[in-house]
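# A look at the structure
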Amino acid sequence: MFSKNTYVQRRQELKKLVQSGVIVLFGNNEAPYNYPANCYTPMRQDSTFLYYFGQHRDGLVGIIDIDNDEEWLLGDDIDVEDIVWMGFTPSVADLAAEVGVAKTAPMKALRSVCCDCVAAKRTLHFLPPYRFDTKILLMDLLGIHPSQQKEAASLELIQAVVKMRSTKEPQEIEAIERACEVGYQMHTTAQRLCRPGVTERYIGGQVDGIARSLAQGLSFSTIYTQHGEIMHGCPTDAPLEAGRLALCDAGCELDDYCSDHTRTMPVSGKFTQRQREIYSIVEECHDYVLTVAKPGIRYRDVHFAVCRLMTERLKELGLMRGNTDDAVGAGAHAMFLPHGLGHMMGMDVHDMEGLGQIYVGFDYKTPPNLEQFGTNALRMGRELQEGFVVTDEPGIYFIPVLIDEWRAKGHCKEFLNYDLLETYKDFGGIRIEDDLLITKDGCRFLGESRIPYHPDEIEQ
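Note that this is a predicted model, so its numbers are computed, not measured. (Residues numbered from 1 in each chain as written. Predicted model: local features only at pLDDT ≥ 70, side-chain atom pairs only at ≥ 80, totals over all residues. Heavy atoms only, no water.)

### Comments concerning the pairing of strand S17 (residues 434-438)
In terms of burial, S17 is largely enclosed, as five of its five residues are buried. On S17, burial covers both faces: Asp434, Leu436 and Ile438 on one face and Asp435 and Leu437 on the other are all buried. In this sheet, S17 lies alongside strand S14 (residues 389-392) in antiparallel orientation, the contact comprising four bridges. Note that in S17 the partner of aspartate 392 across the bridge is aspartate 434. In the sheet, S17 pairs with strand S18 (residues 443-445) via three bridges, with the strands oriented antiparallel. What sits directly across from leucine 437, in S18, is arginine 444. The hairpin formed by S17 and S18 contains four residues between the paired strands. (Buried < 20%, exposed > 50% of the residue type's maximum accessible area, 1.4 Å probe, protein only. Helix = DSSP H or I, 4+ residues; strand = E, 2+ residues; numbered from the N terminus. Pairing = 2+ DSSP bridges.)

### Notes on the packing of aromatic side chains
A full pass over the atoms with the stated rule returns ten aromatic pairs. Taking the centre distance of 4.7 Å and the plane angle of 20° together, the rings of phenylalanine 398 and tyrosine 424 count as stacked. Residue phenylalanine 398 is located in the loop between strand S15 (395-397) and helix H15 (400-409), and its partner tyrosine 424 is located in the loop between helix H16 (418-422) and strand S16 (429-431); the two are separated by 26 residues in the primary sequence. Considering the side-chain rings of tyrosine 424 and phenylalanine 427, the 5.9 Å spacing of their centres and the 40° angle between planes classify their relative orientation as tilted. A single burial state applies to tyrosine 424 and to phenylalanine 427, both of which are buried. In this structure, arginine 11 is placed above the aromatic ring of phenylalanine 53, and the distance from its NZ or CZ to the ring centre is 5.2 Å. The ring centre of tyrosine 424 lies 3.7 Å from the NZ or CZ of arginine 274, which sits over that ring. (Phe/Tyr/Trp six-rings, centres within 6.5 Å; stacked < 30°, edge-to-face > 60°. Lys NZ or Arg CZ within 6 Å of the ring centre and 35° of its normal.)

### Looking at helix H1 (residues 4-18)
Over its 15 residues, H1 extends 22 Å from the first C-alpha to the last, a length consistent with the 21 Å expected when each residue adds 1.5 Å. Along H1, the residues classified as buried are Thr6, Tyr7, Arg10, Arg11, Leu14, Lys15 and Val18. (Expected span 1.5 Å × (residues − 1).)

### Some thoughts on the layout of surface pockets
A water-sized probe, rolled over the atoms, reveals where empty space remains. The space that makes up the largest pocket amounts to roughly 1200 Å³. Lining the largest pocket are 43 residues, and of these Arg44, Gln45, Tyr130, Arg131 and Glu253 lie nearest its centre. Secondary-structure elements contributing two or more residues to the lining of the largest pocket are strand S1 (22-26), helix H2 (47-53), helix H6 (132-142) and strand S8 (217-218). The residue inventory of the lining of the largest pocket, partitioned by class, reads 20 nonpolar, 14 polar and nine charged. One number sums up the size of the second largest pocket: a volume of about 500 Å³. Contributing to the lining of the second largest pocket are 16 residues, with Glu30, Asp58, Ile78, Asp82 and Met86 lying nearest its centre. (1 Å grid on protein atoms, 1.4 Å probe; cavity = no way out; pocket = protein on both sides within 12 Å on 5 of 7 lines; lining within 4 Å. Points joined across faces, edges and corners; volume = space filled by probe spheres on them. Nonpolar A, V, L, I, M, F, W, Y, C, P; charged D, E, K, R; others polar.)

### Here we look at the pairing of strand S5 (residues 70-75)
Here six bridges tie strand S4 (residues 60-65) to S5, and the two strands are oriented antiparallel to one another. Paired with valine 61 across the two strands is leucine 74, which belongs to S5. Between S4 and S5, which follow one another and run antiparallel, lie four residues, and aspartate 69 among them has a positive phi close to 50°. Bridge count between S5 and strand S6 (residues 103-105): three bridges; the pairing is parallel. Paired with leucine 74 across the strands is alanine 105, a residue of S6.

### Points about the pattern of salt bridges
Applying the stated criterion across every chain, the model contains 35 salt bridges. Aspartate 351 is the salt-bridge partner of lysine 168, the closest N and O atoms lying 3.2 Å from each other. In this pair, lysine 168 sits in the loop between helix H8 (155-166) and helix H9 (170-193) while aspartate 351 sits in the loop between helix H13 (324-329) and helix H14 (357-360), placing the two residues 183 residues apart along the sequence. With respect to class, lysine 168 is no different from aspartate 351; both count as buried. Here arginine 263 and aspartate 434 are joined by a salt bridge, their closest N and O atoms 3.0 Å apart. Remark: aspartate 434 occurs in strand S17 and arginine 263 occurs in strand S13 (residues 261-266); sequence separation between them is 171 residues. The exposure class of arginine 263 is buried, given its relative accessible area of 0%. A single salt-bridge network, built from bridges that share partners, covers Arg44, Arg165, Lys168, Glu253, Asp348 and Asp351. (Salt bridge = Lys/Arg side-chain N within 4 Å of Asp/Glu carboxyl O.)

### Structural notes on helix H10 (residues 200-214)
An ideal rise of 1.5 Å per residue puts 21 Å on 15 residues; H10 measures up with 22 Å between its terminal C-alpha atoms. Turning to H10, its buried residues number three or more, namely Glu200, Ile203, Gly204, Val207, Ile210 and Ala211. One side of H10 carries all its buried residues, which in axial view fall inside an arc of 115°. In this structure, H10 carries Arg212 and Ser213 as exposed residues pointing more than 90 degrees from its buried face. Contact partners of the buried residues in H10: H9, S8, strand S9 (223-225), strand S10 (245-250) and strand S11 (252-254). (Arc of directions from axis to C-beta. Contact = heavy atoms within 4.5 Å.)

Okay, here's the thing in structure tokens:
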């Protein structure tokens, strides 16, 4: 938790941006794992609630009455029986005081707040819900069916939250840096353990254990796989095989902020010539972002600058051909890079994505392109500003089913060497990812300790 003044100032700024009405920010409740008393732990608080109200306890709702300049923390105090099982928990009034909120009330007061707003024809602002219990509560309070709640959410509130949370405060950047240091421990452990015969699940479990030991836990489910061509490949019981590549995409949450890194390593300890050739292209694309990304530049333009560089290098290997700009314009590069260069990161690993990617990663100057394969997976395209944190994660993947489908259709055949692509079907995939802070004049990677990613470093 940051200082009381941090949350007071954030709520004051939010009032100025939204201007009128009543804001309701739902905290999260415990989520049952397989029966009511067995919950996922630790309880994960809603990020926007945390941003403005700072408290991790379940069963809380924050109210900001802009017109009357009042703030409330709603929730029920726990009873003795809860204390017996879970230990002492401060009262709702004490929790409110810690973050500068003067008024509290039991959770039942939420119905009165909503009814009074509706009766007075005042605007009640809420964010798109993503948990089923919140959706049911909203339907009960406002009569809005869950299928309609995303559209009914307040655009003014969404835009205000995105504006504030996109630009990271110095204390937020420091928190991300600390998370990146744990990320260093996670990924160097995976690199040291990587050898033939060790299972994906074992290494993935060791990575997870570090996040749970040194941080609050994982920022997302760890990806550890020899099938790097699968974007979200979960660890399996498969033993690592000599000659293959292992891809580890993992991060942690520490002090409510995330890290997110990816490294790819040779199971045998040495890259083959073909692996090093492809790896070196991804490495060059990854480092190229440092020279391009800066305030005032659209991240979509950085993405396509990387795509052009990648295309040029793949042409040198004979995998692509033709005019580079024409190939990228046609989307031929998406055969190898079917996702975007990166995404916003902060309290959420895909920061604020639940509010709607069109508002987080794009704006009226930079609308998304949902039509073209690959480009439609671009999560971040808008103009960069100082204080933004985005991921830099280029990759090259050889996806057999995609090769077969495009070849059968003759898609982009003037730019792709399908005969040579056939020989890469057993290659897998390579991705290198780091977390990038946009600075006043450029950008830098976050985390004091750099996880090895240059080929010679990895082999060593």
